[in-house]
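Results of the structural survey
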Amino acid sequence: VQLQASGGGLVQAGGSLRLSCAASGRTFSTYNMGWFRQAPGKEREFVAAITWSGTSTYYADSVKGRFTISRDNAKNTVYLQMNSLKPEDTAVYYCAATTAGRELLSLWGKYKYWGQGTQVTVSS
C-alpha cells in the first residue's frame, strides 16, 4: 500500500483544515488507518485512527471533539477534518496503515505503511 497525504497548509487559530490520504492498491479496505503528527523537537504522537470498516474511531485526548477521522473505501481515501485549530496543533501530519488490532492503533510502531507527511501550521 502506498499512501499520499495532502491538504496541509497555514491557517489561523480557530480555523479548519481537511487532510486527505489517498492509498494505492486494492487492499486499502482491509487496513485500519491512523493519523499521527510530529512537531519539531518532539516525538511522533497519535492523533486519530479508524478501523477498516469505518465503524470505530479513536482519538487522542488533545484533539477529541475538534478532529474527525473518516474514510471512503470506494475512493481509497482517509480524511482528517480538523476544526478549532490551535497553535499547538502545528506539526507534520502523517497517515499510516496497519493490520494491527484496535487496541494497538495508537502505537505508531504497529503501522507498516506511511505517507510522506503534510505540514500543518497554525498561527496565533
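Up top is the structure these notes are about.
As a starting point, this report considers the structure included with it. Quick caveat, the model's predicted, so the values are computed rather than measured.

A word on the side chain of Arg37
- Within the element layout of this structure, Arg37 appears in strand 4 (residues 32-38).
- What makes Arg37 buried here is its relative accessible area of 6%.
- Not counting chain neighbours up to four residues away, the residues in contact with Arg37 comprise Glu43, Arg44, Glu45, Val47, Ser62, Val63, Phe67, Glu88, Asp89, Ala91, Val92 and Tyr93.

Looking at the nonpolar core
- In terms of nonpolar packing, the biggest core is built from 36 residues, with Met33, Trp35, Leu80, Met82 and Tyr93 touching the most fellow members.
- Contributions of two or more residues to this core are made by strand 1 (3-6), strand 3 (17-23), strand 4, strand 5 (45-50), strand 7 (67-72), strand 8 (77-82), strand 9 (91-98) and strand 11 (118-123).
- In this view, Leu80 contacts Leu17, Arg18, Leu19, Trp35, Val47, Ala48, Phe67, Thr68, Ile69 and Tyr93; residues no more than four positions away in its chain are not counted.

Parameters and conventions
- Per chain, the residues get numbers from 1 upward, laid out in the order the sequence is written.
- Predicted model: local features are reported for residues with pLDDT of at least 70 only, side-chain atom pairs are reported and counted for 80 or more only, and whole-chain, interface and lining totals are derived from all residues.
- The side-chain values count all of the structure's non-hydrogen atoms but skip hydrogen atoms and water molecules.
- The secondary structure listing takes helices from DSSP runs of H or I that are at least 4 residues long and strands from runs of E that are at least 2 residues long, numbered from the N terminus.
- Partly exposed describes any residue whose relative accessible area lies between the buried limit of under 20% and the exposed limit of over 50%, with all areas from a 1.4 Å probe on protein chains only and scaled to the type maximum.
- What makes two residues a contact is simply this: any of their non-hydrogen atoms within 4.5 Å.
- Definition used in this section: a nonpolar core is a set of buried Ala, Val, Leu, Ile, Met, Phe, Trp, Tyr and Cys residues joined via side-chain atoms within 4.5 Å.

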